[in-house]
Amino acid sequence: MRILVIGGGAREHALCHALSRDTEVTALHCAPGNAGIAEVATVHPVDALDGAAVAALAGELAADLVVVGPEAPLVAGVADAVRAAGIPVFGPSAEAARLEGSKAFAKDVMAAAGVPTARSYVCTTAEQIDTALDAFGAPYVVKDDGLAAGKGVVVTEDRARAREHALACERVVIEEFLDGPEVSLFAVTDGTTVVPLQPAQDFKRAHDGDAGPNTGGMGAYSPLPWAEPGLVDEVRETVLEPTVAELRKRGTPFSGLLYAGLAVTSRGVRVIEFNARFGDPETQVVLARLRTPLSGLLYAAATGELAALPPLRWSEGAAVTVVIASEGYPAAPRTGDPITGLDAVAERDAPDAYVLHAGTRRGAGGEVLSAGGRVLSVTATGPDLAAARSRAYTAVGRIGLKGSHHRGDIARAAAEAAAGPA
């Protein structure tokens, strides 16, 4: 199988890393890719938002499957353009991708499908915003209706800050705060059959102890030793399948990766948000544990054959990923600095720990330079969370990037709880 992956972040590197070890994959391409992806796939310059350009590239490469990684190309209709060219594509249509592209649309779908979620108001005026903030009270949850690269949500006790963020959005969703731990659950679907993957948990705040501003994600781990054994089945039955059925009923079937961000509240599981693609950094840990060849799973979804796929196989162990971010991230990321220690990780820690590139590029002399806010995802596996966590942080310690920062508490509480009393 010849595969083209669209995107250039750590999620796409995780996809390419998994596909590069898949014996069914005979040629692996990525556009535009990054410095790390170039080590496992042939990279091509392309405007990832230009559906015609992506479809043309897929045709030139005789791709058997195109995998669209980020949300912006999906919302822009890139998957539609590839499908129109007669090439199987993993990723929903622009219409179905509105599930992520518009929080208000997602709320409407959930209401129609009977999916449990937070009570909310959709607001476009200052008067509506004030009414909604007063109705729910603190802590305030304010979400930009559109795409915001994971940074469009403000959760705060400060009403003035919540109101300021709401007024800065053209359209905003204000909703009740959901208590309880959060869970990310991915599901692969062909529009009819829904195949859940293993759950993960990510860390959205910039600093230890969930302090600092929201980010695109600073780390993740899987599995979740504290989660109830029936959680995945419950979410499949009450959230994933009803949502896929509702979109199919509307004539806009969802084919690709449906990502449910969940809160396990005192009143049961509630949906915080939907995404229309693999999440970053959860993809890094979920794919690290997947033993079923990835290409067959994605191709079955793209071609409507998921029902015939055998049950997925998973590692019994654990995976942890720690994001190394550039100085100033998320407000004003510094770029262009050299990164050291990548070879040391490859030589001393592989295959138990490895580095997935997010915001990187090659300099004129071949050196790897920072090129974004989240620069690297250091991912490790182990027999349990404590071992995976130790390996991940050992590898993080080998990497040098001026002014960079990372969280030191990724998976700490879960690992300690799983280990039991000392």
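Conventions used here
- Residues numbered from 1 in each chain as written.
- Predicted model: local features only at pLDDT ≥ 70, side-chain atom pairs only at ≥ 80, totals over all residues.
- Heavy atoms only, no water.
- Phe/Tyr/Trp six-rings, centres within 6.5 Å; stacked < 30°, edge-to-face > 60°.
- Helix = DSSP H or I, 4+ residues; strand = E, 2+ residues; numbered from the N terminus.
- Buried < 20%, exposed > 50% of the residue type's maximum accessible area, 1.4 Å probe, protein only.
- Disulfide = S-S within 2.5 Å.
- Contact = heavy atoms within 4.5 Å.
- Pairing = 2+ DSSP bridges.
- Axes fitted to C-alpha atoms, helices over the stretch in contact; angles between N-to-C directions.
- Polar contact = N/O pair within 3.5 Å; in protein donor to acceptor, adjacent residues only side chain to side chain.

A. View of the packing of aromatic side chains. Under the criterion given, the structure shown has 5 aromatic pairs. Where F203 meets Y221, the ring centres are 6.1 Å apart and the plane angle is 45°; that geometry is what we call tilted. Highlighted residues: F203 in the loop between strand 12 (201-202) and strand 13 (205-207) and Y221 in strand 15 (residues 219-222), separated in sequence by 18 residues. Judged by relative accessible area, F203 falls into the buried class, the value being 12%. Members of the aromatic cluster, joined through ring pairs, are F90, F186, Y259 and F278.

B. Fine view of the environment of R391. Along the chain, R391 turns up in helix 13 (residues 385-396). Spatially, the C-alpha atoms of R391 and A380 are 5.9 Å apart, while their sequence positions differ by 11 residues.

C. Highlighting the state of the cysteines. For the structure shown, the criterion picks out 0 disulfides. Cysteine C16 is unpaired, with the sulfur of C30 as its nearest cysteine sulfur at 4.2 Å. The thiol sulfur of C169 is not disulfide-bonded, and the nearest other cysteine sulfur, from C123, lies at 10 Å.

D. Here's a closer look at the environment of A14. Position of A14 among the secondary structure elements: in helix 1 (residues 10-20). When the C-alpha atoms of A14 and G230 are compared, they prove to be 28 Å apart, with 216 residues separating the residues in sequence. Contacts of A14, omitting those with residues within four sequence positions, involve T283, Q284, L287 and L356.

E. Structural context of the sheet that holds strand 5 (residues 89-90). If you walk across this open sheet you meet the 5 strands as 3-2-1-4-5, and the pairing is parallel. Both edges of this open sheet fall to strand 3 (42-43) and strand 5, since each of them pairs with a single strand only. Two elements, strand 2 (residues 27-32) and strand 3, share 2 bridges in a ladder whose sense is parallel. Bridge assignment links C30 to a residue of strand 3, and that residue is V43. Seen against the sheet, helix 2 (residues 51-60) touches strand 1 (2-7), strand 2 and strand 4 (65-68) and runs at an angle of roughly 155° to strand 1.

F. Main features of the side chain of T360. With respect to the element layout, T360 can be found in strand 20 (residues 360-362). One polar contact links the side chain of T360 to the main-chain amide nitrogen of A35, over a distance of 3.4 Å. Polar side-chain contacts of T360 include one of 3.0 Å to the side chain of H357. Apart from the residues within four sequence positions on either side, T360 is in contact with N34, A35, G36, I339, V368, L369, A371, V375 and L376.

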